[in-house]
Amino acid sequence: MGVIHKIGRRKTAVARVYVSEGTGVITVNKKEFATYFPTATLQYKVMQPMSMTENATNYDVKVNVYGGGSTGQAEAVRMALARVMCEINAENRLVLKPEGLLTRDPRMVERKKFGQKKARKKFQFSKR
């Protein structure tokens, strides 16, 4: 099979995933998967494409992820893993697509405008 390389993005987070045949070891930024994503919610998000396609223990995964926060990084890894699962077996697409795992979430932070406190919030107007 060799190594399959895919990229996933979410907000400002970018995840590069390298998948090869193995025993199910996941390494994120040279750390163990459970230490990099400590909460059960983030671990579930990352494992979702692997468990839905029943490949959780068949492949070793090496991840390089940067940018954004922990949730954005976990969802970027999830998207990249979903893309890998589709390349491994085209039938996996029928399982992952309805769950929205192959769709890039386009929502980004809106920029702050000049003359305003935040993107949409204005400075307080006081009438004297």
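The present account deals with the structure reproduced in this document.

**A closer look at the overall build of the protein chain**
Per the secondary structure count, the protein chain includes 4 helices and 5 strands. Its helices and strands in sequence order give the protein chain the pattern β-β-β-β-α-α-β-α-α, from N to C terminus. Taking 2.2 N^0.38 as the reference for a compact globule, 128 residues should give roughly 14 Å; the C-alpha atoms of the protein chain span a radius of gyration of 18 Å, well beyond that estimate. Taking the principal axes of its C-alpha atoms as reference, the protein chain extends roughly 70 × 30 × 25 Å. A burial count over the protein chain gives 35% of its 128 residues as buried. For the protein chain, the share of sequence-separated contacts (at least 6 apart) that also reach a separation of at least 24 residues comes to 65%. Working note: accessible area of the protein chain is about 8300 Å², and carbon and sulfur atoms make up 52% of it. Taken as two groups, the 25 positive and 10 negative side-chain charges of the protein chain have centres that lie 20 Å from each other.

**Observations concerning the pattern of salt bridges**
Pairing between side chains of opposite charge can happen when the charged atoms of each approach one another. With the rule as written, the count across this model stands at 7 salt bridges. Salt bridges linked by common partners bring R10, K45, E75, D105 and R107 together as one network.

**A short note on a positive patch on the surface**
A cluster of basic residues, R9, R16, R83 and R104, forms a positive patch on the protein surface. Looking at the element boundaries, R9 is found in strand β1 (residues 4-10).

**Considering the sheet that holds β1**
Reading across the sheet, the 5 strands line up as β1-β2-β5-β3-β4 and stay open at both edges, with mixed pairing between neighbours. For this open sheet the edge positions go to β1 and β4 (31-32), each flanked by a neighbour on one side alone. With 8 bridges joining them, strand β2 (residues 13-21) and strand β5 (residues 59-66) adopt antiparallel strand pairing. By the bridge assignment for β5, S20 is matched with D60.

Calculation criteria
Residues numbered from 1 in each chain as written. Predicted model: local features only at pLDDT ≥ 70, side-chain atom pairs only at ≥ 80, totals over all residues. Heavy atoms only, no water. Helix = DSSP H or I, 4+ residues; strand = E, 2+ residues; numbered from the N terminus. Rg over C-alpha atoms; globule rule 2.2 N^0.38 Å. Buried < 20%, exposed > 50% of the residue type's maximum accessible area, 1.4 Å probe, protein only. Contact = heavy atoms within 4.5 Å. Areas by Shrake-Rupley, 256 points an atom, 1.4 Å probe, with all protein chains shown as cover. Lys, Arg positive; Asp, Glu negative; His and termini not counted. Charge placed at Lys NZ, Arg CZ, Asp CG, Glu CD. Salt bridge = Lys/Arg side-chain N within 4 Å of Asp/Glu carboxyl O. Patch = residues over 30% accessible without salt bridge, like charges linked within 9 Å, V, L, I, M, F, W, Y side chains within 5 Å. Pairing = 2+ DSSP bridges.

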